[in-house]
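One-letter residues, chain by chain:
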Amino acid sequence: MTTSPADATVPVRRPRPRIRGLDALRGFALCGILVSNIANSILHMQHIDPGPHVPLVPELLHSIVHQRFFPIFSLLFGVSFCFVLEGAGNRASRPRLVLVRRLVFLLLLGIGHSFLQPGEALSVYAAAGLVLLLPASWLPAWAVLALGFAVLAVNPSGQIASAGCLLIGCAVGRFGVLDTLERRGRQLAAVLAIGAAVTAVALPMQLSDPLNSGFNTSSAVAGLGTALVYVAGFLLLLRTPLGSVLSRVFEPLGRMALTHYVSATLLVLLADQLLALDGSRKWGVMFALAAGIAVVQWVFSWLWLRRFRYGPLEWCWRCVTWWRYVPNRRVAA
């Protein structure tokens with residue numbers, strides 16, 4: 001790939017260092033999404049018994065997993081959009097063209113992935129980035145934040161909620177909040193308290209209608225509240241002695257999230273040929289499969305990142321984004 005005249009470079013500033021806490025948070029969210037996708041999007045496991053009640057495990061999944069991790073992923077995608085646009089502004093004369101290439105690649109990848117997993121998120125994020133985030137990049141950060149909250153107020157569920165979270169994540173990145181995470185313990189504790197209060201109000205309303213749990217407004221609101229609890233709680237735990245363990249477990253997964261999101265679908269479909277989970281209620285087998293895939297992906301991440309800077313799909317994505325060959329192999333010291 002070569003650089004086009006329209007993409008002539010500008011003086012390069014020092015690149016933004018990786019925020020390792022966000023990589024770990026992304027890996028944590030990826031594990032939750034894996035469980036949700038196996039049960040819902042990929043294999044469509046049976047949540048309701050023939051009788052007039054809902055089994056315990058599906059109800060538990062609706063309470064702590066479904067609609068809890070995709071808001072986190074959406075927030076982080078909005079943050080990454082902001083960071084890439086910032087980097088493009090430092091390196092290219094037409095930074096938004098860089099983002100267009102990045103989002104078109106993701107859209108095409110998502111369309112291909114949708115043949116294996118209908119309802120997948122990549123194409124939704126790419127479309128929202130092109131239609132919503134790119135135009136919003138001309139707005140001041142406070143306006144983007146207000147627009148994000150307005151979108152959530154209109155509809156806190158489904159793809160509209162994802163759009164709201166994308167906008168909020170982009171605004172948070174532009175405000176520079178994440179560059180000073182180590183000094184924001186009180187703010188994180190406040191977010192944790194707000195999320196816990198929202199969950200405490202909405203979750204009982206969700207559980208009072210178990211047959212519609214996961215499909216009503218109270219489920220969506222409880223999901224957003226729980227997502228806040230997970231984000232703030234996880235980032236606070238990273239500040240404790242447990243943080244080093246959490247980083248070692250989740251950071252490699254988060255750094256290769258795109259590769260693992262797509263490859264997990266392939267692994268689940270292959271495993272289902274032996275396990276016959278589709279349409280079943282084999283919850284124990286499902287959890288074992290999710291844990292096994294997470295372990296395999298973690299080992300692969302650990303081995304791969306010893307030799308390379310980016311995961312396979314992340315590297316392809318980066319080459320298309322910057323429209324040039326990006327060196328990937330690590331050079332021994």
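Residues numbered from 1 in each chain as written. Predicted model: local features only at pLDDT ≥ 70, side-chain atom pairs only at ≥ 80, totals over all residues. Heavy atoms only, no water.

Enquirer: Please clarify how the state of the cysteines should be interpreted in this entry.
Expert: Counted by the stated rule, this structure contains 0 disulfides. Not part of a disulfide, Cys82 finds its nearest cysteine sulfur in Cys170, a span of 5.2 Å. Sulfur of Cys319: no disulfide; nearest cysteine sulfur belongs to Cys316 and is 6.6 Å away. (Disulfide = S-S within 2.5 Å.)

Enquirer: Explain the confidence of the model for the chain to me, please; I cannot follow it from the model alone.
Expert: It should be kept in mind that the predicted coordinates are not to be read in detail where pLDDT is low. Taken as a whole, the chain shows an average pLDDT of 88; of its residues, 90% reach a score of 70 or greater. Of the regions scoring below 50 in pLDDT, residues 2-12 engages in 24 contacts with residues more than four places distant in sequence or in other chains. (pLDDT = per-residue confidence, 0-100. Contact = heavy atoms within 4.5 Å.)

Enquirer: Please clarify how helix α10 (residues 243-255) should be interpreted in this entry.
Expert: One turn of an α-helix holds 3.6 residues; hence residues three or four places apart share an orientation. Compared with an ideal rise of 1.5 Å per residue, which puts 13 residues at 18 Å, α10 spans 17 Å between its outermost C-alpha atoms and is within 8% of the ideal. At Val249, α10 shows its maximal bend, which comes to roughly 35°, and the proline Pro252 appears one to four places after that position. Considered for burial, the residues of α10 that qualify are Gly243, Leu246, Ser247, Phe250, Glu251, Pro252, Leu253 and Gly254. Along its buried surface, α10 packs onto α1 (20-42), α9 (217-237), α11 (257-275) and α12 (283-307). (Helix = DSSP H or I, 4+ residues; strand = E, 2+ residues; numbered from the N terminus. Expected span 1.5 Å × (residues − 1). Bend = angle between axes of the 7 residues up to and from the residue. Buried < 20%, exposed > 50% of the residue type's maximum accessible area, 1.4 Å probe, protein only.)

Enquirer: Help me understand the packing of aromatic side chains, please; the structure alone is not making it clear to me.
Expert: The description of an aromatic ring pair uses the distance of the two centres, along with the angle that the planes make with each other. Applying the stated criterion across every chain, the model contains 11 aromatic pairs. Both rings, one in Phe28 and one in Phe69, keep their centres 5.5 Å apart while their planes meet at 70°; by these two values the pair is edge-to-face. With Phe28 in helix α1 and Phe69 in the loop between α2 (56-64) and α3 (70-91), this residue pair connects regions lying 41 residues apart in the sequence. By relative accessible area, Phe69 is classed as buried at 7%. Here the aromatic rings of Phe300 and Trp304 are separated by 5.6 Å at their centres, their planes lie at 35°, and the arrangement is tilted. One end of the pair is Phe300 and the other is Trp304, both in helix α12 and 4 residues apart, which spans about a single turn. The cationic tip of Arg91 hangs over the ring face of Trp322; the distance from NZ or CZ to the ring centre is 3.9 Å. (Phe/Tyr/Trp six-rings, centres within 6.5 Å; stacked < 30°, edge-to-face > 60°. Lys NZ or Arg CZ within 6 Å of the ring centre and 35° of its normal.)

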